[in-house]
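Below are the chains, spelled out letter by letter.
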Amino acid sequence: MKTNQLRLGVNIDHVATLRQVRGTAYPDMVQAARVCEAAGAGGITVHLREDRRHIQDRDVVALRKAIKTRLNLEMANNPDILSVALKVKPDEVCLVPERRQELTTEGGLDAAGQERQLRPTIKKLQAAGIEVSLFIEAHPRQIEAAARLGAPVIELHTGTYCDLKGSAARKELARLCVGARLAHTLGLTVNAGHGINLENAAGILEIPHLHTLNIGHSIICNAVFTGLNRAVREMLDAMRAYRGGKP
């Protein structure tokens, strides 16, 4: 892969959501990760939430052993999750805000307001050889705080842009572009994620200095349709052995 080529990290949380809603052993997370890698993904992202609503500790362990690209673990600044990260040692940890009642991450981490709490966590992760990323808004105050904290990577929260239309969207996109340029001048690697889909991706690609886009929900949703034909055909193939009770 060319060094200047934009990389895709695929978030497979919602493959686990399908599993957890029924408490089954399938779909298999390692299989999902391998399919994504075979399709060209440059990394696999999972969010180990405090309530374990989708990804489980065992998933992180299994993925760390199985995948061939990079494992990016999203996590809140929580001692329990930190202990898992230090044991498993993913390639990257992205620190994100988290509220129990939210459906998904609703905004960026307040790095500027939580420097004292974040600093020891970042140091522990880095001492373990784990690259640290901060999921933040494209606001100068947050970007400068990330640089002070010594986190070499930021992931810009694109969810607000992806929810907007027209002039409001253009204004938010301009803010993202300014933030990316500032981060680049401060020596930070710039990733982006949240809410990105095939319809709004063209706008996201206007953001300069991007290294990786982390995308999950829209890819998993699209897979329901792009892969449904094959899934039905495979089940029909399996059913052809039916003999109606006859020997």
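Residues numbered from 1 in each chain as written. Predicted model: local features only at pLDDT ≥ 70, side-chain atom pairs only at ≥ 80, totals over all residues. Heavy atoms only, no water.

Draft legend 1. Examining the nonpolar core more closely. Core analysis: the largest hydrophobic core is formed by 64 residues, its most contacted members being Ile-12, Leu-95 and Leu-134. Element by element, the count of residues in this core is highest for helix H8 (residues 166–185), at 6 residues. Apart from residues lying up to four places away in sequence, Ile-12 is in contact with Met-29, Ala-33, Cys-36, Ile-44, Thr-45, Val-46, Ile-55 and Leu-63. (Core = buried A, V, L, I, M, F, W, Y, C linked by side-chain atoms within 4.5 Å. Buried < 20%, exposed > 50% of the residue type's maximum accessible area, 1.4 Å probe, protein only. Helix = DSSP H or I, 4+ residues; strand = E, 2+ residues; numbered from the N terminus. Contact = heavy atoms within 4.5 Å.)

Draft legend 2. Expanded view of unusual backbone geometry. A cis amide bond, omega 0°, links Tyr-26 with the succeeding residue Pro-27. Relative to the elements of secondary structure, Pro-27 occurs in the loop between helix H1 (13–22) and helix H2 (29–38). One non-glycine residue, Arg-52, lies in positive phi territory at about 55°. The backbone phi angle of His-209 is positive, close to 65°, even though this residue is not glycine. Topologically, His-209 is positioned in the loop between helix H9 (201–204) and strand E8 (210–215). According to the relative accessible area criterion, His-209 is partly exposed, its value standing at 38%.

Draft legend 3. A look at the environment of Gly-42. With respect to the helices, strands and loops of the structure, Gly-42 is situated in the loop between H2 and strand E2 (43–47). The spatial distance from the C-alpha of Gly-42 to the C-alpha of Ile-136 is 22 Å, given a sequence separation of 94 residues. Not counting chain neighbours up to four residues away, the residues in contact with Gly-42 comprise Arg-7, Leu-8, Thr-69 and Arg-70.

Draft legend 4. Molecular detail of the packing of helix H6 (residues 140–149) against H8. Their axes nearest at 10 Å, the elements H6 and H8 cross at an angle of 25°. The angle between H6 and H8 falls in the class roughly parallel. In the packing of H6 onto H8, the handedness of the crossing is right-handed. Contacts between H6 and H8 involve Pro-140, Ile-143 and Glu-144 on the former and, on the latter, Gly-179, Leu-182 and Ala-183. Grouping the constituent residues of the contact of H6 with H8 by class yields 4 nonpolar, 1 polar and 1 charged. (Axes fitted to C-alpha atoms, helices over the stretch in contact; angles between N-to-C directions. Parallel < 35°, antiparallel > 145°, perpendicular 65-115°, else oblique. Left-handed = near helix turned anticlockwise from the far one by under 90°. Nonpolar A, V, L, I, M, F, W, Y, C, P; charged D, E, K, R; others polar.)

Draft legend 5. Representation of H8. In this model H8 runs 29 Å from its N-terminal to its C-terminal C-alpha over 20 residues, within 8% of the 28 Å that 1.5 Å per residue would give. Of the residues making up H8, those classed as buried are Ala-169, Glu-172, Leu-173, Leu-176, Cys-177, Gly-179, Ala-180 and Ala-183. Along the long axis of H8, the arc covered by the buried residues comes to 165°, so they all point the same way. With respect to the buried face of H8, the exposed residues turned more than 90 degrees away are Ser-167, Lys-171, Val-178 and Thr-185. Lining the buried residues of H8 we find H6, strand E6 (153–157), helix H7 (159–163), strand E7 (189–193) and H9. Positioned one or two residues after H8, Gly-187 has a phi angle of 85°, which is positive. (Expected span 1.5 Å × (residues − 1). Arc of directions from axis to C-beta.)

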